[in-house]
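Each chain, written out:
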Amino acid sequence: MSVPQISNRSGRTAWSRRGVLAALGAAVPAALTGCAGAAGASEGSGGSPTAQASGSTGARTPTVTVTPADGTRKAAFTSPVEVTVADGTLSDVKVAGNDGSTLSGSFDDARTRWTSDRNPYSGTKYTVTAKVPGAGTHRAGFVTRAPGETFVGYFTPEADSTCGVGMPVSLGFTHAVTDRAAVERAITVTAEPAVEVVGHWFSDTRLDFRPEEYWAAGTKVTLSLRLKDVEGADGVYGTQSKDVTFTVGRRQVSTVDLAEKTMTVERDGATYATYPVSGGDAEHTTWSGIMVISERFEQTRMQSSTVGLGDEYDIKDVPHAQRLTTSGTFVHGNYWASPSVFGGSNTSHGCIGLRDAKGAADRSVPGYEFYASSMLGDVVVVRNSGERTVDPANGLNGWNLSWTEWKAGSALR
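The text that follows walks through the structure, step by step, so that each part is easy to find.

**Some details on the nonpolar core**
A general tendency of soluble globular proteins is for nonpolar side chains to be buried together.
So, point 1. Formed by 36 residues in total, the largest nonpolar core has its most connected members in Phe 173, Val 183 and Ile 187.
So, point 2. Listing elements by their share of this core, those giving two or more residues are strand 14 (169-173), helix 2 (180-185), strand 15 (187-192), strand 17 (206-210), strand 18 (220-226), strand 21 (241-248), strand 25 (289-292) and strand 30 (379-383).
So, point 3. Beyond its immediate stretch of four places on either side in the chain, Phe 173 contacts Phe 151, Val 152, Gly 153, Val 183, Ile 187, Trp 201, Thr 205, Arg 206, Leu 207 and Leu 227.

**Digging into the sheet that holds strand 18**
So, point 1. Strand order in the open sheet formed by 4 strands is 13-21-18-15, and the pairing between neighbours is mixed. Each edge of the open sheet carries a strand with a single partner, namely strand 13 (162-163) and strand 15.
So, point 2. Judged from the 2 bridges that link them, strand 13 and strand 21 form a sheet pairing that is parallel. Within the sheet, the bridge partner assigned to Cys 163 lies in strand 21 and is Val 248.

**Regarding the pattern of salt bridges**
So, point 1. Taken as a whole and assessed by the stated rule, the structure comprises 11 salt bridges.
So, point 2. Glu 82 serves as the salt-bridge partner of Arg 113, at 2.8 Å between the closest nitrogen and oxygen. Here Arg 113, found in strand 8 (residues 113-116), pairs with Glu 82, found in strand 4 (residues 82-86); they are 31 residues apart in sequence, far enough to count as distant.
So, point 3. Overall, the relative accessible area of 27% leaves Glu 82 in the partly exposed class.
So, point 4. Asp 317 is the salt-bridge partner of Lys 358, the closest N and O atoms lying 2.6 Å from each other. Residue Lys 358 is located in the loop between strand 29 (352-355) and helix 3 (366-373), and its partner Asp 317 is located in strand 27 (residues 314-323); the two are separated by 41 residues in the primary sequence.
So, point 5. Judged by relative accessible area, Lys 358 falls into the exposed class, the value being 57%.
So, point 6. Among the residues examined, Asp 317 registers a relative accessible area of 17% and is labelled buried.

**Notes on the sheet that holds strand 24 (residues 270-276)**
So, point 1. The 5 strands are arranged 24-23-22-30-25 in an open sheet whose pairing can be described as mixed. Two strands bound the open sheet, and with one partner strand each, they are strand 24 and strand 25. Geometrically, the sheet is characterised by an average inter-axis angle of 20° between neighbouring strands, direction not taken into account.
So, point 2. As judged from the 6 bridges shared by strand 23 (residues 262-267) and strand 24, these two strands associate in the antiparallel manner. Within strand 24, the position partnered with Val 265 by the bridge is Ala 273.
So, point 3. Contacting strand 22 (252-257), strand 23 and strand 24, helix 3 runs over the sheet at an angle of about 145° to strand 24.

Reading the values: the criteria
- Residues numbered from 1 in each chain as written.
- Predicted model: local features only at pLDDT ≥ 70, side-chain atom pairs only at ≥ 80, totals over all residues.
- Heavy atoms only, no water.
- Core = buried A, V, L, I, M, F, W, Y, C linked by side-chain atoms within 4.5 Å.
- Buried < 20%, exposed > 50% of the residue type's maximum accessible area, 1.4 Å probe, protein only.
- Helix = DSSP H or I, 4+ residues; strand = E, 2+ residues; numbered from the N terminus.
- Contact = heavy atoms within 4.5 Å.
- Pairing = 2+ DSSP bridges.
- Salt bridge = Lys/Arg side-chain N within 4 Å of Asp/Glu carboxyl O.
- Axes fitted to C-alpha atoms, helices over the stretch in contact; angles between N-to-C directions.

Here it is, written out as structure tokens:
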């Protein structure tokens, strides 16, 4: 630095006031610049990101953090994925699984945090891509652990089937469910045309869904299972994520009057057929109430030992058998009884019998005709049997509960 000088008579060097001020004014910017540089170096030495380029005035490199951390091999699948950035903003985040799934999510107001809308799936490899303006693209990856114990729900009816108007959606779980609300929340049943459909727990392994009234003919019903990684019991997780649809066919409701010993079949509001029948005798009365056909066999073996009746009968080729209860009530053809029994007396061990022919091939008999006109999910109503109403859990027979009683069995109400 050069400062103007003047001489005086004493020989001492004198400094002009103007020169001193000019020198001080030139030194101030340099001093301020030096202070700023010193402050930046101090912060950087504490472990924070360094400046992006030489000559910057303290700008810091954005730092992206992904949770679960990059490289994790057994990450938890019970919490959302989170991406955060320090000293920057997030313009875009994508999370893709090797199973083809993706995780959508949302940003906070400052766009410094992104959180997935749902948890990642178990046993899946994920790739995370986060874009930060001015800092390029950050990539990370992790693999979620597999669940220890799992459960599935076996459903009725089958996918893409056509069923009668009484068919509920019934699920049987392979493990007892203790968190019924979590499991029921992960299952929805929708209908076109739309009606309210509600779940009802019959036990810790069975959940059924139905509307208030029978389905309308032609309804399309969709069962949506989102059970994957839902914790149904302590440490036990679901595995299913799928949609299943079935179609409701024509409306057929058959009414059995065991005082009259007749069965009247109504289809789409008109009488379709009337058949003479035989029901349970005084010692083996037939259940009364609303029952739904849950299985169909052109021929099947029936043994009394399987329903707690010892060795009273063993018929290897019962024709045209359609199950109404889990406990063993069927509507079926009968070739071994006298033709006069049908419409004349109740002589069975609890089933509803129609006259039929051995071998199940005679198309002219009522047993064949009724079987040919029926489908899974058709309704059979039994009256005047002398027996109490069937337990709603005995078969697919939840229609015996009022709508209020049905809704009370939901874990979500």
